[in-house]
Each structure stands twice: as structure tokens, then as C-alpha cells.
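Observations on chain architecture
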Amino acid sequence: MGLYRVLIIDDEPMIVQGLMKVVSWKDYNCEVVATAADGVQGRIAIIERRPDIVFTDIRMPTVDGLTMLSGIKSEFPDMQITVLTGFRNFEYAQQAIKIGVTRFLLKPSKMSEIDEALNAMTANLLTHRGSGMSAEEDRGADNGDAASNFIVRQALHYMERHYAERISLADVASKCYV
């Protein structure tokens, strides 16, 4: 198995350079294959480079990160996404969940949060590659399931009550039970 391809999309060059230099990509079996400064460039890079993992900002010039992702995620259902944003906005978090992001991190992010996001994303990729089933097929059987809808409602309720706190998707998931 080759290295996981990573794309970093952010309009702040310091964030892009920081992620490229600070993260020990090889430790996660990853390599950064491209960067982009806005949603238009990000979309082109996703189509051309077909990354396994994307780190993206939300608020960027031209096209924001969530708009870009919502327009392309169905074409790349196995792509793992971590959103990095400086904006504590519940609507962004809700939209990110609908799109299917793996992690939603607030800037400035701690290295431990980035490490946890990479661990989660690479584990998801390994699981999907190991099963021989795409992420979409893997989830397909549960899309209309009552238990799935119940879990989504629980997650949204938890986020509504705790939106002002720094929460991760792992926090939300740990509060949702079937």
C-alpha cells in the first residue's frame, strides 16, 4: 500500500507552511501532494490529485471550504476531511457534519488535535481499503435506518447544548448511543 495523499487548503500561507513542516507526515504513512489557497483551487487540486485526506479552512476568498466540499464530496466518498477554522460557529459545524467531515478543529489547533485527526482519518482509510467496500457502500445500508436517525438527533442535540465549548466529533460521538 502506498502513502496516503494529503491536500492542504487554506488562504493563510503560515497555516499551510506550518502544517507541512510541523506534522511528521511519514509517521502517518502520508505525504502532502498539493496545497491550495481557496475553494476554487482546492476543487481543482482534489480532482487532479485525488487526495485521501484534506485539511481545509472554511472562510476563504472566492469559494469557502464547506461550499467546495459539499460540491465534491459525493465524487470522492472515501476522502477524509478535517476542517480547520478560526470561527466558532454552530452552523459551520452542522454543515460540516452533513458533508461528512471526520474532524472539526478550531484554530489555533493543538498538535495533539491534529495528531488525533490524522489517526482517525488514516484508521478510517485503512478500514475502508481493508473491507474492499467504499465508505458510501459501507454506510448505505443504514442511511434510512431509525437508529441512525436517532443517533443524528442525539448528536445535534448535544452540539446545540455545548456549541459554545470546544468540542470534537469524538466528544459528540461518545454522547450518542443506540
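For clarity, every value in this text was computed on a predicted model and none was experimentally measured.

A few words on the side chain of Thr56. Along the polypeptide, Thr56 turns up in strand β3 (residues 53-56). For Thr56, a relative accessible area of 1% corresponds to the buried category. With residues near it in sequence (within four places) discarded, Thr56 still touches Ile9, Gly65, Met68, Leu69, Ile81, Thr82, Val83 and Leu84.

Core analysis: the largest hydrophobic core is formed by 26 residues, its most contacted members being Ile9, Ile46, Met79 and Phe104. Looking at this core, the elements that each hand over two or more residues are β1 (4-9), β2 (30-36), α2 (39-49), α3 (65-72), β4 (80-85), α4 (90-99) and β5 (103-106). Counting residues in hydrophobic clusters, the runner-up holds 18 residues, among them Tyr4, Ile8, Cys30 and Met121.

Time to look at the sheet that holds β5. Read from one edge of the open sheet, 5 strands run β2-β1-β3-β4-β5, paired in parallel fashion. The two strands at the open ends of the sheet, each matched to only one other strand, are β2 and β5. With strand direction ignored, the average angle separating the axes of adjacent strands in the sheet is 20°. Bridge count between β1 and β2: 6 bridges; the pairing is parallel. The residue of β2 that forms the bridge with Ile9 is Ala36. On the sheet, α2 packs against β1, β2 and β3 and is oriented at approximately 170° with respect to β1.

Cut-off values and rules
- Residues numbered from 1 in each chain as written.
- Predicted model: local features only at pLDDT ≥ 70, side-chain atom pairs only at ≥ 80, totals over all residues.
- Heavy atoms only, no water.
- Helix = DSSP H or I, 4+ residues; strand = E, 2+ residues; numbered from the N terminus.
- Buried < 20%, exposed > 50% of the residue type's maximum accessible area, 1.4 Å probe, protein only.
- Contact = heavy atoms within 4.5 Å.
- Core = buried A, V, L, I, M, F, W, Y, C linked by side-chain atoms within 4.5 Å.
- Pairing = 2+ DSSP bridges.
- Axes fitted to C-alpha atoms, helices over the stretch in contact; angles between N-to-C directions.

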